[in-house]
Amino acid sequence: MEVVGLLCLAAAVLAWGFLWVWDSSERMKSQEQAGLLGGGSRSLLVIAHPDDEAMFFAPTVLGLARLRHRVSLLCFSAGNYYNQGEIRKKELLQSCDVLGIPPSSVRIIDNSSHVRQQIGKSGKRFLTEVHKLYIL
């Protein structure tokens with residue numbers, strides 16, 4: 001009888017341990033889903049053209065927003081190929097708004113000759129200048 005009692009006690013302790021671990025993992029998942037993990041983090045999305053944010057990066061931006069990252073966007077073109085730059089800028093801002101990026105966190109570099117000149121520099125120096133000019 002003592003053996004049966006010890007086996008029952010061991011089974012109860014193992015079941016309690018299993019449920020405790022399972023409950024902890026469920027709480028962790030719910031915190032991730034609620035966006036409590038990663039809160040306050042900042043992310044910068046760099047795109048070449050307006051509409052790239054929607055065509056290629058929408059799932060990433062929405063996932064970062066769900067995790068409560070503060071997302072900013074830097075676009076290296078106004079999309080003025082057919083003289084539609086102003087329309088494309090407005091579309092970009094509207095798209096970013098839908099994705100959860102506020103207009104104050106969107107930067108559009110409208111001078112393509114300036115961008116070409118900057119890209120001619122070494123990568124690290126170019127990124128440093130972009131950081132100083134557009135991010136800080």
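First things first, this report covers the structure right here in the doc. (Residues numbered from 1 in each chain as written. Predicted model: local features only at pLDDT ≥ 70, side-chain atom pairs only at ≥ 80, totals over all residues. Heavy atoms only, no water.)

We now examine the packing of aromatic side chains. Centre-to-centre distance and the angle between the planes together describe a pair of aromatic rings. Inspection of the entire model under this criterion finds two aromatic pairs. Taken together, a centroid distance of 6.3 Å and an interplanar angle of 70° make the contact between Phe 56 and Phe 57 edge-to-face. On the accessibility criterion, Phe 57 (28% relative accessible area) is partly exposed. Ring plane angle 80° and centroid distance 4.7 Å describe the contact between Tyr 81 and Tyr 82, whose orientation is recorded as edge-to-face. Using a relative accessible area of 63% as the deciding quantity, one classes Tyr 82 as exposed. (Phe/Tyr/Trp six-rings, centres within 6.5 Å; stacked < 30°, edge-to-face > 60°. Buried < 20%, exposed > 50% of the residue type's maximum accessible area, 1.4 Å probe, protein only.)

Below, the discussion takes up the sheet that holds strand 3 (residues 106-108). Read from one edge of the open sheet, three strands run 1-2-3, paired in parallel fashion. One side of each edge strand has no neighbouring strand; the edge strands of this open sheet are strand 1 (42-47) and strand 3. On average, adjacent strands in this sheet sit at an angle of 15° to one another, irrespective of strand direction. Together, strand 1, strand 2 (70-75) and strand 3 form the strand contacts of helix 4 (residues 85-99), whose direction differs from that of strand 3 by roughly 160°. (Pairing = 2+ DSSP bridges. Helix = DSSP H or I, 4+ residues; strand = E, 2+ residues; numbered from the N terminus. Axes fitted to C-alpha atoms, helices over the stretch in contact; angles between N-to-C directions. Contact = heavy atoms within 4.5 Å.)

Another point: the nonpolar core. Ranked by size, the top nonpolar core spans 12 residues in total: Leu 45, Ile 47, Ala 58, Val 61, Val 71, Leu 73, Cys 75, Leu 92, Cys 96, Leu 99, Ile 101 and Val 106. Those elements giving two or more residues to this core turn out to be strand 1, helix 3 (58-66), strand 2 and helix 4. Leu 74, Phe 76, Ile 109 and Phe 126 belong to the second-largest nonpolar core, a separate cluster that totals five residues. (Core = buried A, V, L, I, M, F, W, Y, C linked by side-chain atoms within 4.5 Å.)

On to the state of the cysteines, then. One pass over the structure, following the stated rule, counts zero disulfides. You can see Cys 75 has no disulfide; the closest cysteine sulfur is in Cys 96, sitting 8.5 Å from it. The class for Cys 75 is buried, based on a relative accessible area of 0%. Note on Cys 96: relative accessible area 0%, which makes it buried. (Disulfide = S-S within 2.5 Å.)

The next subject is the side chain of Ser 105. Within the secondary structure, Ser 105 sits in the loop between helix 4 and strand 3. Once residues lying within four places of it in the same chain are set aside, the contact partners of Ser 105 are Val 71, Ser 72 and Leu 73.

We now examine the pattern of salt bridges. Considering all chains together, one arrives at three salt bridges under this definition. The shortest N-O distance in the salt bridge between Glu 86 and Lys 89 comes to 3.3 Å. Taken as a pair, Glu 86 and Lys 89 lie in helix 4 at a separation of three residues, close to a single helical turn. Note on Glu 86: relative accessible area 51%, which makes it exposed. Under the relative-accessibility criterion, Lys 89 is labelled buried at 18%. Glu 91 serves as the salt-bridge partner of Arg 88, at 3.9 Å between the closest nitrogen and oxygen. (Salt bridge = Lys/Arg side-chain N within 4 Å of Asp/Glu carboxyl O.)

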